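# Fold and contact review
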Amino acid sequence: LRQLTNGNPGIKMVSKSGALRCANGSPIKVIGCTVLQVAMNRNTFDAKFTVVESISPNVIIGLKTMKAQNIEVVPAWDCVRINQESFPFISKTDSTPPKNC
């Protein structure tokens, strides 16, 4: 969020305290929330983001957004499908898309 807000005063964050839990049960410290316009393929929509202290990977898309935007993760193919169009996972070691994607 810091990178996005530099030079873009239109992006605002509302402070919010609390904690979330990862799938493995470990806590995530909540800093705030914001609404950003997201462009995926040919679709553009506003999405609410919860800003947290530190996570890896850097962004998590929630199930509600995935369902609303028809996004599915296909681990067997190492890709994400959005409205039946496939996009390979981004890898820091290998940018070659999987053959099945």
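It should be emphasised that the depicted structure is a prediction, and the values quoted were computed from it without experimental measurement.

### Let's talk about the sheet that holds strand 6 (residues 85-88)
With respect to topology, three strands assemble into an open sheet ordered 4-5-6, the strand pairing being antiparallel. Whereas interior strands pair on both sides, the edge strands pair on one side only; in this sheet they are strand 4 (71-74) and strand 6. Ignoring strand direction, the axes of neighbouring strands in this sheet form an average angle of 25 degrees. Sheet analysis places strand 5 (residues 79-82) next to strand 6, joined by four bridges and oriented antiparallel. The residue of strand 6 that forms the bridge with isoleucine 82 is glutamate 85.

### Details of the pattern of salt bridges
Side-chain pairs of opposite charge can arise where the charged atoms are in close proximity. In this structure the tally under the stated criterion is one salt bridge. Between glutamate 72 and arginine 81 there is a salt bridge, and its shortest N-O distance comes to 3.7 Å. Judged by relative accessible area, glutamate 72 falls into the partly exposed class, the value being 35%. By relative accessible area, arginine 81 is classed as buried at 15%.

Cut-off values and rules
- Residues numbered from 1 in each chain as written.
- Predicted model: local features only at pLDDT ≥ 70, side-chain atom pairs only at ≥ 80, totals over all residues.
- Heavy atoms only, no water.
- Pairing = 2+ DSSP bridges.
- Helix = DSSP H or I, 4+ residues; strand = E, 2+ residues; numbered from the N terminus.
- Axes fitted to C-alpha atoms, helices over the stretch in contact; angles between N-to-C directions.
- Salt bridge = Lys/Arg side-chain N within 4 Å of Asp/Glu carboxyl O.
- Buried < 20%, exposed > 50% of the residue type's maximum accessible area, 1.4 Å probe, protein only.

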